[in-house]
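Structure at a glance
Single-letter residue listing:
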Amino acid sequence: MFIELEELVVDNNLLGNDLRLPRSYWALLEHLADVTPSLEYLSLLGNEACPNQLVSPDKDEDDYQRYRYF
């Protein structure tokens with residue numbers, strides 16, 4: 001457990017759609033909440049798992065906003 005971890009940045013590490021995560025992002029977030037209770041900031045920018053029009057030309061601002069809201 002990382003009980004004092006407040007920020008987790010996993011930018012630009014080539015996490016793709018084939019990444020084996022829990023069944024959903026919600027399950028991943030629940031797991032992170034359990035093992036990192038102080039986590040306030042999570043960034044996945046620069047990965048296929050995080051839609052970003054700067055890295056994926058087929059994505060737009062709406063895709064990114066849906067990701068951020070989730």
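Residues numbered from 1 in each chain as written. Predicted model: local features only at pLDDT ≥ 70, side-chain atom pairs only at ≥ 80, totals over all residues. Heavy atoms only, no water.

- Per an unreviewed UniProt entry, the protein carries the name Leucine-rich melanocyte differentiation-associated protein and comes from Lates japonicus.

1. Examining the overall build of the protein
- Counting its regular elements, the protein contains 2 helices and 2 strands.
- Mapped from its N terminus to its C terminus, the protein presents α and β elements in the order β-α-β-α.
- Counting only residues that meet the buried cut, the protein has 23% of its 70 residues in that class.
- Sequence separation of at least 24 residues holds for 71% of the intrachain contacts in the protein that already meet a minimum separation of 6.
- Accessible surface computed for the protein: about 5600 Å², of which carbon and sulfur atoms make up 52%. (Helix = DSSP H or I, 4+ residues; strand = E, 2+ residues; numbered from the N terminus. Buried < 20%, exposed > 50% of the residue type's maximum accessible area, 1.4 Å probe, protein only. Contact = heavy atoms within 4.5 Å. Areas by Shrake-Rupley, 256 points an atom, 1.4 Å probe, with all protein chains shown as cover.)

2. What to know about the environment of Asn-12
- Topologically, Asn-12 is positioned in the loop between strand E1 (7-9) and helix H1 (25-35).
- Its relative accessible area of 60% is what places Asn-12 among the exposed residues.
- In the structure, Asn-12 is positioned 32 residues away from Leu-44 in sequence and 7.6 Å away in space, judged by C-alpha atoms.

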